[in-house]
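Analysis of the macromolecular model
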Amino acid sequence: MNYITLDDYKKAWVFRHKDMPVSADDAANIKPMSLERAAVLWTTMVSREFDHPDFFDKTDWCGQDESYSQEVNWESAWENGDEQLPEAILAHLDWQANTTVYFCMARDNIIETTFDVFKRNWQNFMFLADGSLLIGKKRNTVVQFLESGIAKLGEKPSA
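So, how was this worked out
- Residues numbered from 1 in each chain as written.
- Predicted model: local features only at pLDDT ≥ 70, side-chain atom pairs only at ≥ 80, totals over all residues.
- Heavy atoms only, no water.
- Core = buried A, V, L, I, M, F, W, Y, C linked by side-chain atoms within 4.5 Å.
- Buried < 20%, exposed > 50% of the residue type's maximum accessible area, 1.4 Å probe, protein only.
- Helix = DSSP H or I, 4+ residues; strand = E, 2+ residues; numbered from the N terminus.
- Contact = heavy atoms within 4.5 Å.
- Salt bridge = Lys/Arg side-chain N within 4 Å of Asp/Glu carboxyl O.
- Pairing = 2+ DSSP bridges.
- Axes fitted to C-alpha atoms, helices over the stretch in contact; angles between N-to-C directions.
- Phe/Tyr/Trp six-rings, centres within 6.5 Å; stacked < 30°, edge-to-face > 60°.
- Lys NZ or Arg CZ within 6 Å of the ring centre and 35° of its normal.
- Disulfide = S-S within 2.5 Å.

As annotated in an unreviewed UniProt entry, the chain carries the name DUF2947 domain-containing protein and is attributed to Pseudoalteromonas nigrifaciens.

What follows is the structure, given as structure tokens:
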């Protein structure tokens, strides 16, 4: 099995927050990965060496300063209750609504959804921002959301 139900997801509360309701349709498309599936995707797309963003170093693309070109403050938009991600993030990603995205928090904690679902519910996802990477399937652009309220805009190497 590649996914666990949102009901079985240990951090599902972020999608049930009373002030940030997630529609039933969107909730059905927020798919936490099973431990095994998450580990495979993490190893393939993020890091072979490290289990969590806190430990990234120069041996991984995601730990290299040159992988990132710009920093944007996401927290002010979040605190203001903005419905949209900051424009600089949207412009950097430039993904189609149906792009499959992976919100990668750790080797054992990845959520798969579509870019349109992520965009509509971005504020919920930011409760989980702790170095988390937003990666698109077959896309090189990436955003790392830091707990400090900064988003690092970058590119991962082509596969």
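**Looking at the nonpolar core**
Ile89, Phe103, Phe118 and Phe145 are the most contacted members of the largest nonpolar core, which totals 32 residues. Broken down by secondary-structure element, the contributors of at least two residues to this core are helix H4 (87–93), strand S3 (100–106), helix H5 (115–120), helix H6 (122–125), strand S6 (141–145) and strand S7 (150–155). Excluding its chain neighbours within four sequence positions, the residues that come into contact with isoleucine 89 are Val72, Trp74, Val143, Phe145, Ala151 and Leu153.

**Re the pattern of salt bridges**
Close approach of charged atoms allows side chains of opposite charge to pair. Applying the stated criterion across every chain yields a total of 7 salt bridges. Between aspartate 26 and arginine 120 there is a salt bridge; the shortest N-O distance is 2.7 Å. Here aspartate 26, found in helix H1 (residues 24–28), pairs with arginine 120, found in helix H5; they are 94 residues apart in sequence, far enough to count as distant. Each of Asp26, Asp116 and Arg120 takes part in salt bridges that share partners, so that together they form one network.

**Some thoughts on the sheet that holds strand S4 (residues 109–114)**
An order of S1-S4-S3-S5-S6-S7-S2 is seen for the 7 strands of this open sheet, with the pairing classed as antiparallel. Edge strands, defined here as strands with exactly one partner in the open sheet, are strand S1 (31–32) and strand S2 (68–73). Relative to S4, S3 is paired through 6 bridges, and the arrangement is antiparallel. Across the sheet, residue phenylalanine 103 finds its bridge partner in S4, namely isoleucine 111. Set on the sheet, helix H2 (residues 35–45) makes contact with S3, S4 and strand S5 (132–136); between it and S3 the angle comes to about 95°.

**Description of the packing of aromatic side chains**
By convention here, two paired aromatic rings are described through the distance between centres and the angle between planes. For the structure shown, the criterion picks out 11 aromatic pairs. Residues tryptophan 13 and phenylalanine 127 carry aromatic rings whose centres are separated by 5.2 Å and whose planes lie at 55° to one another, so their mutual orientation is tilted. Within this pair, whereas tryptophan 13 is found in the segment before H1, its partner phenylalanine 127 is found in the loop between H6 and S5, the two being separated by 114 residues in sequence. The partly exposed category is assigned to tryptophan 13, whose relative accessible area is 46%. Between phenylalanine 103 and phenylalanine 118 the ring centres are 5.8 Å apart and the planes differ by 35°, which places this aromatic pair in the tilted class. Note that phenylalanine 103 is positioned in strand S3 and phenylalanine 118 in helix H5, a separation of 15 residues in sequence. Here phenylalanine 103 and phenylalanine 118 have matching classes, each one buried. Connected via pairs of aromatic rings, a cluster forms that spans Phe15, Phe103, Phe118, Phe125 and Phe145. The positively charged end of lysine 31 is found above the aromatic ring belonging to tyrosine 3, 4.8 Å away from the centroid. Positioned above the aromatic ring of tyrosine 68 is the side chain of lysine 152, whose terminal nitrogen or guanidinium carbon lies 4.4 Å from the ring centre.

**So, the state of the cysteines**
Across all of its chains, the model carries 0 disulfides by this definition. The thiol of cysteine 62 is not disulfide-bonded; the next cysteine sulfur, from cysteine 104, is found 9.5 Å away. The class of cysteine 62 is buried, set by a relative accessible area of 3%. On the basis of relative accessibility, which here comes to 0%, the residue cysteine 104 falls in the buried class.

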